[in-house]
Amino acid sequence: MRRTRAGGAAAAVVVTVLAAATPAWAHEEITPQTFRTGQPTFFHFSAANEHKVALVKVTLAAPPGLPFGATTSEPSGWTVERTAGQIVWSGGSVAPNHYEQWGFEVEGAD
C-alpha cells in the first residue's frame, strides 16, 4: 500500500477555531503525520489556545472525496456534530494558555 503524508490530507482539512465573540486562533497539530491509504485512520487533533479569550468551538472541514468517520466527544464537556464533510466540537472551553485534544477518523483516503 502507498503511504501518504497526513500533512497533505491534514492541510486539506480546514481548521476554524472560534470564540464567543472574537476569534481565538490557536496552534494546531494533527497526528499521525503519515498514514496508509485505502484504510480508515484515527487522528488526534490538538489545539493550544495562545490568546486571551476561551476557545469554545472547533470546526474541521474535509475536502471532497475524503469523508470523516467516527469522532470522539472528548474532552469532557464538549459535544460533537459530524457529517461526512464536517466535524464541529462545541460546548466546552479551552482557557488561554491551555490545550486540548480531540479525535476523528478518516474513512480511507486515496
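The present account deals with the structure reproduced in this document. (Residues numbered from 1 in each chain as written. Predicted model: local features only at pLDDT ≥ 70, side-chain atom pairs only at ≥ 80, totals over all residues. Heavy atoms only, no water.)

**Some details on the pairing of strand 9 (residues 86-94)**
1) Next: The pairing of strand 6 (residues 55-61) with strand 9 spans six bridges and is antiparallel. Among the inter-strand pairings, Leu60 is bridged to a residue of strand 9, identified as Ile87.
2) Next: In terms of strand pairing, strand 8 (residues 79-82) meets strand 9 through four bridges, oriented antiparallel. Bridge pairing in strand 9 places Val80 opposite Trp89.
3) Next: Two successive antiparallel strands, strand 8 and strand 9, enclose a turn made up of three residues. (Pairing = 2+ DSSP bridges. Helix = DSSP H or I, 4+ residues; strand = E, 2+ residues; numbered from the N terminus.)

**Here's the deal with the packing of aromatic side chains**
1) Next: Considering all chains together, one arrives at six aromatic pairs under this definition.
2) Next: Ring geometry for Phe68 and Phe104: centres 5.5 Å apart, planes at 90 degrees, overall edge-to-face. Note that Phe68 is positioned in strand 7 (residues 68-71) and Phe104 in strand 10 (residues 99-107), a separation of 36 residues in sequence.
3) Next: Judged by its relative accessible area of 2%, Phe104 falls in the buried class.
4) Next: Judged by centre distance (5.3 Å) and plane angle (85 degrees), the ring pair of Trp78 and Trp102 falls under edge-to-face. Taken together, the residues span a long stretch of sequence, with Trp78 in the loop between strand 7 and strand 8 and Trp102 in strand 10 at a distance of 24 residues. Each member of the pair, Trp78 as well as Trp102, carries the same accessibility label: buried. (Phe/Tyr/Trp six-rings, centres within 6.5 Å; stacked < 30°, edge-to-face > 60°. Buried < 20%, exposed > 50% of the residue type's maximum accessible area, 1.4 Å probe, protein only.)

**Re the environment of Pro67**
1) Next: Within the fold, Pro67 resides in the loop between strand 6 and strand 7.
2) Next: Assessed through its relative accessible area of 32%, Pro67 is described here as partly exposed.
3) Next: Taking the C-alpha atoms as reference points, Pro67 and Ala84, 17 residues apart in sequence, are found 4.7 Å from one another.
4) Next: Discounting chain neighbours no more than four positions away, the residues touching Pro67 are Ala84, Glu105, Val106 and Glu107. (Contact = heavy atoms within 4.5 Å.)

**Section: the nonpolar core**
1) Next: Phe45, Leu55, Leu60, Trp89, Trp102 and Phe104 are the most contacted members of the largest nonpolar core, which totals 18 residues.
2) Next: Sorting the residues of this core by element identifies strand 5 (40-49), strand 6, strand 9 and strand 10 as the ones contributing at least two each. (Core = buried A, V, L, I, M, F, W, Y, C linked by side-chain atoms within 4.5 Å.)

**Concerning the environment of Pro75**
1) Next: Structurally, Pro75 can be placed in the loop between strand 7 and strand 8.
2) Next: Here the alpha-carbon distance between Pro75 and Glu100, two residues 25 residues apart in the chain, equals 7.0 Å.
3) Next: Leave out the neighbours within four places in its chain, and Pro75 touches Glu100, Gln101 and Trp102.

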